[in-house]
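Inside the fold
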Amino acid sequence: MSTITKDGVSSPAPAKASPAKPRRGLRGSPTFNFWLFTGPFLIGLAIFVYLPILWSLYLSFFEARFTVTPSEFVGLDNYVTMLTDEEFIRSLVTFTIFAVFIVPLTWGTSLGLALMVNRLRFMRAFFRSVFFLPTAVSYVAASLVWKMSIFSGVRFGMLNTFLSLFGIDNTAWLASPDPPWYWLVILTVRLWLQAGFYMILFIAALQNIPQELYEAASIDGAKPGWQTFWHITLPQLRATSTAVILLLLVAAYQAFDEFFNLLNKTTWGRPPLVELYYKALGDSQDYGAGSAGALILTVLICLVTLLQGKFMGFGRGEESK
Amino acid sequence: MSAFRNSNLDRRTALRAALGLAAAGGLAACGGNTGRSSGGGAGLTQYFHAYGEAGTEQAIKRYAKAYKDSNVTTQWITGSNFESKLFASLLTDKAPDCFEFHPQLQMIESGQVADLSDLINPVKDDFNPADIASHTVDGKIYGIRMIDDPQFFFYRPSLFEKAGVEVPQTLEELIEAAAKLTTDKVKGAYLGNTLHSMINPLIWSAGAQHLDDKNQIAYHTDAVVDGFKQLRKLFTSGDLLLDAPTDFWDPSAINQGLTAMQWCGMWAMPQMQEALGDDLGIFPFPKVGDAGKQSVYNGGWSMFVNAKGKNLEATKEYVKWLWIDQKEYQEDWALSYGFHIPPRTSIAASADKLKSGLPAEGVKLFNEYGNFDNIGWTQASITALEDVLANSVRKGGDPDKELTKADAKVNKELKKLFG
């Protein structure tokens, strides 16, 4: 219902009174509702994230072997120990090697899978599911399958059996760092586990690219295939690619399960989390040095993330481009 | 109207359901492997690592069930990180009341294990003296040995005969034997995937010790350095089985015909005999260098009581009942699943299964060449030498330099322990 004014412009009819009674008291308070819904999460965050971080900071200034309630203050000794620890520094190098390989490899594989699945006319949902399914597999389970079945060093290991058909001798894939075949095992297991997830992100981004762009390019004489991909698809995927690379880097920093399970008690192939595990929770049980290492690592991750964000423009609005 | 309301599930119902689930979860968490439906006294928890022999888990739970004064819950911890899980849990309120482990001084220094002298002293003379010595600090005994586990080489005499190989007396002979025994189907030797089990016998066979009488480093000798170099030679020879599906403690490698000789423990002897029949022999770790002597690692497991546990006295009662009083269970534990040597001399003397054949030979090697853990050789020192092995044997570094690096770590540990 509307009314006619002198200017001939209709004005909205007054709203009908709501049949629901207005809420009163705490339940009607937005502040109360905010705390009701976010409170439990914030309490969990405080107890399980911030408190341990603060406790870790406290422990890092104490001699804390076999105890988390230490009494001997050692100042910055633990930090000096970790920063001069050859193994901890080596773990950062291991991470760098891992990231250098796994980030572009996963980016390329997941983008390739996305392009392939997106072009399918039939069974698209089937293939999307097939490639996504490994994401549901635990890293530990996948590592054991890789270690004991595919890359087993004995003659009935799957890959060794296959290679023996060509007269190639058994290879102990994980026993020795020379040659470093263990990287092949680690990279393939992670690629298998995570490529499907990032493929889904790329498929979503691909489906958001306006078809008109391709049509306009076609009218302008652009050839379908590489030229279109390079000049239209890839630039349009820039924001998604940036997010994917950031996520991949963070995931690489958190690498633990496959290294821990595939390279049991080696001194090589230890990324920072595995190194810190052996320092703080493994046989050494040195919570002071482990905490110092964890905080150094946290600062490092923050720095790298900020630098990467600055370099790749993550989070920058369209208008600022 | 929300979908919630459509399904007649309002927020109160949802909240009630959630609380109900939480309560059910809490009640479920109160359960566990007590092995019985009810029981009296204090509720006790014991930690065990997962033994490879079939029936061991059931046996431990059966013993616990037979104890009437307390409800005893068993945590049977699978995986290869029993130590880490145990150490971490000992820092929390969920720490076990008693647990199996090896004698290590840092646990005593940090007040984690209780003095059990009053339980053991009345029967002290019935224990293997070396077992008592390895658990004693300043006259107090901190753990009860449950089983002794000698480790040595197992080999297939038929394959030795076929290759014209004699039982090796020295490490050089072992390397030569491995080369002669290797075929396209069978590798000469299997020493485990990490080779860590080689460290202790290598030190002893080279005529050295981990620590001397003054608790100072005694492992860093020329013979030990040479031993690591020889192990590297074996590692790169192509005659060593690497990356096997199971580690040295499991007899699968020799049972499946993957190797002609394997370092393993006496616990696996029954499984090997079942798979290989009489085609099985044993020999100690060969001597390393001219001044060396053959050695056998007398491993094993002991029961410790958590000194900070809430039920200290009740736990000591349980531990005494099972590992001092119940000789029947102790014999069953040592001999019914794998072969272990009972630390109680009276049980060992009456154990018919150990009196003849290969088990008797195992006992002989245990007595003749055996070396026990040093209580001052703790986890940090163990890890330091494991790194030496990884870096020099598997990675090709200089053993002398790696041992020097380990010396710094071990000295730091010794300073903390002994001042």
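Refer to the structure printed above.
Residues numbered from 1 in each chain as written. Chains lettered and ligands numbered in written order. Predicted model: local features only at pLDDT ≥ 70, side-chain atom pairs only at ≥ 80, totals over all residues. Heavy atoms only, no water.

Some thoughts on the overall build of chain A
- Each helix and strand in chain A was counted, giving 13 helices and four strands.
- When burial is assessed residue by residue, chain A has 39% of its 321 residues classed as buried.
- By sequence separation, contacts in chain A at least 24 residues apart represent 65% of the contacts at least 6 residues apart.
- If you sum the accessible surface of chain A, you get close to 18900 Å²; carbon and sulfur atoms cover 69% of it. (Helix = DSSP H or I, 4+ residues; strand = E, 2+ residues; numbered from the N terminus. Buried < 20%, exposed > 50% of the residue type's maximum accessible area, 1.4 Å probe, protein only. Contact = heavy atoms within 4.5 Å. Areas by Shrake-Rupley, 256 points an atom, 1.4 Å probe, with all protein chains shown as cover.)

Here's the deal with helix α3 (residues 86-119) of chain A
- For α3(A), with 34 residues, the first-to-last C-alpha span of 49 Å sits near the 50 Å given by 1.5 Å per residue.
- Between the side-chain oxygen at the start of α3(A) and the backbone nitrogen of A:Glu87 there is a gap of 3.1 Å, and the oxygen is on A:Asp85. (Expected span 1.5 Å × (residues − 1). Polar contact = N/O pair within 3.5 Å; in protein donor to acceptor, adjacent residues only side chain to side chain.)

Some remarks on the pairing of strand β8 (residues 259-265) of chain B
All names here are of chain B.
- Burial runs high along β8: seven of the seven residues are buried.
- Where strand β6 (residues 144-155) lies against β8, five bridges are found, and the strand directions are antiparallel. The residue of β8 that forms the bridge with Phe-154 is Gln-262.
- As paired elements, strand β7 (residues 187-190) and β8 share three bridges and run parallel to each other. Residue pairing in the sheet places Tyr-190 in a bridge with Gln-262 of β8. (Pairing = 2+ DSSP bridges.)

Section: the environment of A:Leu76
Residues and elements named next belong to chain A.
- In this structure, Leu-76 sits in the loop between β4 (72-73) and α2 (77-83).
- Residue class for Leu-76 comes out exposed when judged on its relative accessible area of 53%.
- Put simply, Leu-76 and Ala-46 are 30 residues apart on the chain and 26 Å apart in space, counted from C-alpha to C-alpha.

What to know about the packing of aromatic side chains
- In total, this model carries 50 aromatic pairs over all chains according to the counting rule given.
- Their ring planes at 80 degrees and their centres at 6.0 Å tell us that A:Trp183 and A:Phe259 sit as a pair that is edge-to-face. Taken together, the residues A:Trp183 in helix α7 (residues 182-207) and A:Phe259 in helix α11 (residues 257-262) connect sequence positions 76 residues apart. Each of the two residues, A:Trp183 as well as A:Phe259, counts as buried.
- Note on B:Phe48 and B:Trp333: the rings are 6.0 Å apart at their centroids and 85 degrees apart in plane angle, and the pair reads as edge-to-face. With B:Phe48 in strand β1 (residues 43-49) and B:Trp333 in helix α15 (residues 327-335), the pair connects residues that are 285 residues apart, well separated along the chain. There is no split in this pair, since B:Phe48 and B:Trp333 are both buried. (Phe/Tyr/Trp six-rings, centres within 6.5 Å; stacked < 30°, edge-to-face > 60°.)

Any functional reading would require information beyond the geometric quantities listed.
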